[in-house]
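Fold and contact review
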Amino acid sequence: MKFGVVMDPIGSINFKKDSSLDIMIEAQNRGHDLSYIEPSSLHINERGAHGLIHEINVFDNADKWFELKDSFAKKLSDLDVIIMRQDPPFDSDYIYNTYVLEAAEKEGVKVINRPRSLRDCNEKVFATEFPECCTPFLVASNQTLLRDFINTHKDTVIKPLDGMGGSSIFRLREEDPNIAVVLETITSFYKSKVMIQRYIPEILEGDKRILMINGKPMGAAIARVPAKGELRGNLAAGATAIAKSLTERDLWICSQVGPRLKELGLALVGLDVIGDYLTEINVTSPTCFKEYRSLCDIEVSKKLMDYIESIADEG
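What comes next concerns the included structure. (Residues numbered from 1 in each chain as written. Predicted model: local features only at pLDDT ≥ 70, side-chain atom pairs only at ≥ 80, totals over all residues. Heavy atoms only, no water.)

As for the packing of helix H1 (residues 19-29) against helix H7 (residues 289-296)
Here H1 crosses H7 at 75°, and the two axes come no closer than 7 Å. In terms of orientation, H1 and H7 fall into the roughly perpendicular class. The residues of H7 that touch H1, namely those facing Ser19, Asp22 and Ile23, are Phe289, Lys290 and Arg293. In terms of residue class, the contact of H1 with H7 is built from 2 nonpolar, 1 polar and 3 charged. (Axes fitted to C-alpha atoms, helices over the stretch in contact; angles between N-to-C directions. Helix = DSSP H or I, 4+ residues; strand = E, 2+ residues; numbered from the N terminus. Parallel < 35°, antiparallel > 145°, perpendicular 65-115°, else oblique. Contact = heavy atoms within 4.5 Å. Nonpolar A, V, L, I, M, F, W, Y, C, P; charged D, E, K, R; others polar.)

Details of the pairing of strand E14 (residues 221-225)
Here E14 lies mainly inside the structure; 4 of its 5 residues are buried. Of the strand pairs in this sheet, strand E12 (residues 207-213) and E14 are connected by 3 bridges, and their pairing is antiparallel. Looking at E14, one finds that aspartate 207 is bridged to arginine 224. Where E14 lies against strand E15 (residues 240-244), 5 bridges are found, and the strand directions are antiparallel. When the sheet's bridge partners are listed, isoleucine 222 is paired in E15 with alanine 243. (Buried < 20%, exposed > 50% of the residue type's maximum accessible area, 1.4 Å probe, protein only. Pairing = 2+ DSSP bridges.)

Quick look at the sheet that holds strand E10 (residues 170-173)
Hydrogen bonds along the backbone pair up the strands of a sheet, which may run parallel or antiparallel. Within the open sheet, the 4 strands sit side by side as E8-E11-E9-E10. Their pairing is antiparallel. The open sheet is flanked by strand E8 (137-140) and E10, the only strands paired with a single partner. Here the strands of the sheet are splayed against their neighbours by 25° on average, with no regard to which way each runs. Across the sheet, helix H5 (residues 179-186) lies against strand E9 (155-160), E10 and strand E11 (194-198), angled at about 140° from E10, the strand it touches most.

Side note on the state of the cysteines
Taken as a whole and assessed by the stated rule, the structure comprises 0 disulfides. Note on cysteine 254: no disulfide assigned, nearest cysteine sulfur contributed by cysteine 133 at a separation of 9.2 Å. Accessibility expressed as a relative area gives 3% for cysteine 254, which makes it buried. Note on cysteine 296: no disulfide assigned, nearest cysteine sulfur contributed by cysteine 288 at a separation of 9.6 Å. The class of cysteine 296 is buried, set by a relative accessible area of 18%. (Disulfide = S-S within 2.5 Å.)

Considering the pattern of salt bridges
Considering all chains together, one arrives at 21 salt bridges under this definition. Between arginine 260 and glutamate 263 there is a salt bridge whose closest N-O contact spans 2.9 Å. One end of the pair, arginine 260, and the other, glutamate 263, are both in helix H6 (residues 248-264), 3 residues apart, so they sit about a helical turn from each other. Judged by its relative accessible area of 23%, arginine 260 falls in the partly exposed class. Taking relative accessible area as the criterion, glutamate 263 reaches 54% and is therefore assigned exposed. (Salt bridge = Lys/Arg side-chain N within 4 Å of Asp/Glu carboxyl O.)

Side note on H6
Its 17 residues place the ends of H6 25 Å apart at the C-alpha level, agreeing with the 24 Å of an ideal helix rising 1.5 Å per residue. A bend of about 30° at valine 257 is the largest found in H6, and the proline proline 259 appears one to four places after it. For H6, the full list of buried residues reads Asp250, Ile253, Cys254, Val257, Gly258, Leu261 and Leu264. Tucked into the core, H6 has its buried residues touching helix H3 (115-120), E12, strand E13 (216-217), strand E16 (268-274) and strand E17 (277-282). Of the residues trailing H6, glycine 265 is marked for its positive phi of about 70°. (Expected span 1.5 Å × (residues − 1). Bend = angle between axes of the 7 residues up to and from the residue.)

As structure tokens, then:
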């Protein structure tokens with residue numbers, strides 16, 4: 001199989017944690033022809049969807065984890081499968097890249113995750129399709145609506161719709177003297193919509209990441225426990241990863257979301273669950289592969305490549 005990976009510059013990844021590298025190593029170990037494509041190189045011309053495609057060798061070595069060969073501008077349809085692993089922010093450039101990948105899809109390439117669904121499924125807003133799984137929430141930019149939500153629920157968490165890694169997340173209580181400045185800042189003076197949710201105290205026990213492949217969950221979760229004095233359960237913000245068994249509620253949430261993921265062609269997804277509540281559905285570049293291996297003895301990359309090979313065989 002000719003297997004392409006669209007990802008941010010590979011030289012700047014965190015070797016110890018990077019899930020995209022883990023996928024690449026598994027693909028290479030299975031004998032697939034591996035190609036690396038930086039997002040900025042994706043383009044369309046009169047002959048179709050193209051990218052600057054590097055042949056690449058990857059290594060499980062912290063001192064040297066990749067070796068690039070020459071790059072060539074090639075049609076993306078020369079590849080059998082492309083996995084999109086560009087990190088947020090989900091800005092206009094990201095959207096434009098999904099257009100290029102959608103053009104490649106029309107030319108016969110299997111693209112994971114489906115480009116149209118990457119555009120349609122904002123990682124915060126997508127969770128609102130399943131209100132029965134969520135804590136009370138509001139997506140809005142209006143000052144009165146946001147303040148009313150805080151006054152109603154007393155203790156809340158507010159975050160931008162396009163962030164990642166715990167960036168710009170605030171906890172706001174009803175009597176917080178900083179409410180005005182936080183709301184002004186995070187909404188760009190009430191122009192940009194944000195998500196606000198009722199605070200979930202179980203965050204102290206960890207923000208559970210449940211990876212799902214083709215609508216089915218892995219057999220455990222990785223709980224990211226915030227550092228002392230921290231709100232954010234993100235590894236990038238200093239949280240500690242621990243293994244957690246899936247609860248009945250976790251499995252029920254997965255059963256509600258899973259069929260929709262399959263319908264939308266979202267083959268690799270990370271659900272974020274705090275306590276009994278779904279908080280986000282990560283569709284762009286879900287992580288925690290290495291934590292699943294070390295803490296749960298679950299080889300996510302192997303399961304993902306099994307699925308990719310099965311759809312590639314379908315033609």
